[in-house]
Amino acid sequence: MNVLPVPLITLAIAILAGTALVLGRVHHPDRARRGAVVVSALATVGGLVAAAWLYGPGASVRWVEPYQLSLWGEARPLFALDVLDAALLPFTSFVALAVLLGSPRRQLGPRHAATTIAQLAATWAALTTLDLSVMAIAWTLGLLPLMPAKRSMSSRLLPPIHVAYLLGSTVMLVVAFALVGVAAHEAGVAAPLSLLDLPDAASRGVIPAAILPVLLVAIAIRKGIFPFHSWIPAMSEQRGPLALALLNAPQIGAFVLVRVAVPVFPATIADVLPLLGRVALLAVLYGALVGLAARDLRRAYGWLVVSQSALVLVGLECTSVDGITGGLTLWISVGLALTGLGLAIAGVEARVGRRAFESLGGLATRAPWLSASFVILGLAAVGLPGTLGFIAEDLLVHGVLESYPGIGVAIVLATAANGYNVLRAFMRTFYGPLPTGVTVGDVLGRERIALTALLVVLIGLGLAPQVVVSTRATAASDLAAKLAPSPHH
Amino acid sequence: MSPTSILSMLASAILLVPILALLALAGVLLMGRRPSERTVAALTGISLTLALGLAVASLVGMAIHGVDQVVVHLGRWFRVGDYEFDLTLLLDRLSLPFVLLTCALTGLVGRFSASYLHRDEGFYRFYLLLLLFAVAMLLLVMAGGIDLLFAGWELVGITSALLIAFFNRRRAPVLRGLRAFAIYRLCDVGLLVAAVLIHHYAHSSEFEVAFEHGHWPGGLAHVPAEAATSVALLLVLASMGKSAQVPFSGWLPRAMEGPTPSSAIFYGGLSIHAGAYLLLRTSPVLDRAPIAAAVLVAVGLVTAVHATFVGRVQVDAKNQLAYAAMAQVGLVLAEIGLGLRMLALVHITGHAVLRTLQFLRAPSLLHEQHQIHAAAGGHVSPTGLFYERLLPVRLRRWLYAGALGHGGLDEGLERFAAGPLIRVARLLERLEQGWGARFVPSPRDDRDQSSVATAPLSIRSQEAKR
């Protein structure tokens, strides 16, 4: 374990959080957006530099920060960069940048820029922390932009479905982490919530395996795994595709699985992971099937998110490094492609003001740029050759088919159906007769930059994928070693 | 420079030239520029003629130096542990005829379309898709491994669906494009799974390694006999989709909604033969799987009979041609199943050229009829002589009705496969929306006013239906 010379991660998160606070006080939405764009662009560059340095020649597996802090028990470093998270930092900030740059002005609220940056700060904290309490706080803060404002609480008791589900998953996560901490504390672990101490304690068998199901349910809800998936299409319908894209792209649920569940429950997880993978497979198939019946753009998007995001978990259950690498690469490719598709859908809505398929059509002639981005980004999410999605699906299908042939065939079928769903959404929106009264223009300069950036990254990495695949393969080998330490693996 | 390296450079250039033309056209259009129609047609024509010249030069070079196949290792695309994805191109006795056909026919169709689609609002889109198709088809036939072949295969399918829906102001072409894409996607499952299985058994996706010992049509598949049947059946499934074989043939006559030049190049010339190419390329697997070969023969013959039968009652020139093409491809597949590979290759070449010509002439059919009548000095009446006269009248009528209904194939697929699936999906979606509606809708704050304004649309329509 190496020590960073300065607490770079803490500084970066603090700068992001501070910027979010400042932006929250800027009343002019365009000015706030400009500030947020600059900050997220700088974060992307910073993340890229960090990743390039970490994965560079002679790199180490983990770099911790120089200071130590005690939240419970002995002091430990709070944040670290490692092979799993370093690539996710520039990825998440790039997603935020694209959304900030490309979202239509009509969908911007006064707090949009501030909440997006706040969410990014929380995501970075969750991705880099070594402490379960920080992770629980970051997980919760990442949801704050979704909480309903007080003035709008209606007479009915239940909150929106996505809020209810996400709150439920947060409670489960906090309970699971607290139980882990208590068990570790009772066993005399010096820092009971630190991921530096917990693996050692876990190998002594002091963490009861009964906590794992609680954690897994939290993860399953957050990931939208069947039968906890209903909030995703509902959120897409109620809050729009961009809010969902921002929440979904970092795949915090899958991250907690890899970062916490694997090292803290090493004895049980290897047996449970195949089961989780099969449940995720159900979500993949279910999302693809129900997506066939979606009647509007937002629900079609929601089902695509359910299906393609669950594929990441299917990849993680593989026994082979190439399958896990496929899952981890898909994490990035699906995140980028679905963000782009969300932007394109938001663009359509902002222009036409409708989203039911029966009231859409004919936009291709009016907005050729938007239509081209829609179809390429949408198909990139389901593995269009020439994009990073193709590489990810290729690796994933190879890995899964070699590990579990039946599941491999099922995911190929589901991806085929998703491809059909994307093209159906595209053709229903952009082809056919133009509804009367629709006079729209093509994408604006700002939107064009965001969509082009996503296209360039997806296609560029699709043509030269080794740079991403290598970083994911390093993380995958690390994970595979944790899952199956015996020599024959 | 050795002859091998010169041939390798020629082979790479065949693929590179259309890619550069495609990038140039896409780049110019992305920048918002509109070059003249003549420039676009010239760019397409020149690039494909150049590619054709390079292909001819490769052929001559290979003949002079007595080289049977040229394998070009372009490098490694990516690698994870033992799993490698190499970029390899392959020119041999099988791929060269297809490369020549692709460059020649696409180039000719490009020239034809310059007049045919003159001032059409989709002119630029058509040429963009035509160049993309040329690249995809060249990738498909020049791929040195089955993974790369799959990439080309997928792009051909997407281009095909987008071109069927080309005249997109009407609903019908759009629905038909979607239908073709659905069948493609379903059957592509076979190719992807087969590709992985070949890699699994042969430890490589490269044809050179997976089917070693001798060049095409020889070769020995490194797939154990017990697995060969399933791999071969998956490949047959894949080819049935692209080559419109029974029972997946319903999309082909519907694909005639696309512009005539694209019908010619896709369903007369090239795309329709992609399935046959796949089976020829992977024929060493078929050699080890007699059951799959028998299935292929049966599928091909049944399709040939079905297409002839249904094609007899078509009243539209393009539909007649579509069924005629389907019948010939059925025969080609039967030949492949019987092991007559060279015959199949010759058959494909002749059929592709003839059918493309027929498709391109289809729009001028009426004009030509008038010319014939004028030359004959009056109306030429049909003779009234046809083979069906030999059958009893009642049977003839019954067959006629059956042929008009496409032999009940589409209806059967819809009733027993697509219909139930869609009904289940709709039921689940209704239940999901009902569950979501039990919670309150999203808060109405400034951020998502636009979404709230439109949010209840689908819910309302659902409730109205209930």
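Residues numbered from 1 in each chain as written. Chains lettered and ligands numbered in written order. Predicted model: local features only at pLDDT ≥ 70, side-chain atom pairs only at ≥ 80, totals over all residues. Heavy atoms only, no water.

Comments concerning the pairing of strand S1 (residues 70-80) of chain B
All names here are of chain B. We count it as follows: DSSP calls a pair of strands paired once it identifies at least 2 bridges connecting them. Strands are runs of DSSP state E lasting at least two residues, helices are runs of H or I lasting at least four, and both sets are numbered from the N terminus onward.
Sheet analysis places S1 next to strand S2 (residues 83-91), joined by nine bridges and oriented antiparallel. Each bridged residue has a counterpart across the sheet, and for Val 80 the counterpart in S2 is Tyr 83. Connecting S1 to the next strand, S2, in antiparallel fashion are two residues, including Gly 81 with a positive phi near 55°.

Points about helix H18 (residues 409-437) of chain B
Residue and element names in this part refer to chain B. Let me state the cut-off plainly: How far a helix is expected to stretch is found by multiplying one less than its residue total by 1.5 Å. Given a residue, its bend is the angle between the two axes fitted to the seven residues that end at it and to the seven that start from it. Whether a residue is buried, partly exposed or exposed follows from its accessible area with a 1.4 Å probe, protein chains only, as a fraction of its type maximum: under 20%, in between, or over 50%, in that order.
Taking 1.5 Å as the rise per residue, H18 with 29 residues should run 42 Å; its terminal C-alpha atoms sit 40 Å apart, in good agreement. Its axis deflected by about 40° at Ala 418, H18 carries its strongest bend there, up to four residues before the proline Pro 420. Those residues of H18 lying buried are Leu 409, Asp 410, Gly 419, Ala 425, Leu 428, Glu 429, Glu 432, Gln 433 and Gly 436.

Focus: unusual backbone geometry
Between Phe 226 of chain A and the following residue, Pro 227 of chain A, the backbone shows a cis peptide bond with an omega angle of 5°. Its place among the elements puts Pro 227 of chain A in the loop between helix H8 (211-223) and helix H9 (231-239). Cis geometry is adopted by the peptide bond preceding Pro 247 of chain B, which originates at Val 246 of chain B and carries an omega value of 5°. In this structure, Pro 247 of chain B sits in the loop between helix H8 (225-242) and helix H9 (251-254). The phi torsion at His 406 of chain B lies on the positive side, around 55°, for a residue other than glycine.

Considerations on the packing of aromatic side chains
Note the following rule: Planes of paired rings set the category: under 30 degrees apart is stacked, over 60 is edge-to-face and the rest tilted, where pairs are Phe, Tyr or Trp rings (Trp by its six-membered ring) whose centres lie within 6.5 Å. Two thresholds decide whether a charge sits over a ring: the Lys NZ or Arg CZ must be within 6 Å of the ring centre and within 35 degrees of the ring normal.
Tallied over the entire structure, the rule returns 26 aromatic pairs over all chains. Taken together, a centroid distance of 4.1 Å and an interplanar angle of 35° make the contact between Phe 133 of chain B and Phe 266 of chain B tilted. Pair noted here: Phe 133 of chain B is in helix H4 (residues 123-142) and Phe 266 of chain B is in helix H10 (residues 260-269), with a separation of 133 residues, a long-range link. Look at Phe 133 of chain B and you get buried, because its relative accessible area is 0%. Ring geometry for Phe 166 of chain B and Phe 167 of chain B: centres 5.1 Å apart, planes at 80°, overall edge-to-face. Three or more aromatic residues joined by ring pairs make a cluster, and in this case those are Phe 390 of chain A together with Trp 77, Phe 78, Tyr 83, Phe 85 and Phe 150 of chain B. Of note, Arg 278 of chain A hangs over the ring of Tyr 404 of chain A, and the distance from its end group to the ring centre comes to 4.8 Å. Taking the ring centre of Tyr 184 of chain B as reference, the NZ or CZ of Lys 242 of chain B above it sits at 4.4 Å.

Some words on the pattern of salt bridges
Our working definition: For this document, the term salt bridge refers to a Lys or Arg side-chain nitrogen within 4 Å of an Asp or Glu carboxyl oxygen.
Going through the model one piece at a time under the given rule, you end up with 28 salt bridges over all chains. Among the salt bridges present, the one from Arg 179 of chain B reaches Glu 414 of chain B, with a minimum N-O distance of 2.9 Å. A residue pair is termed long-range when its members are at least 10 positions apart, and Arg 179 of chain B in helix H6 (residues 171-202) and Glu 414 of chain B in helix H18 qualify at 235 residues. For Arg 179 of chain B, a relative accessible area of 25% corresponds to the partly exposed category. Residues joined by salt bridges that share partners form a network here, namely Arg 62, Asp 82, Asp 85 and Arg 259 of chain A.

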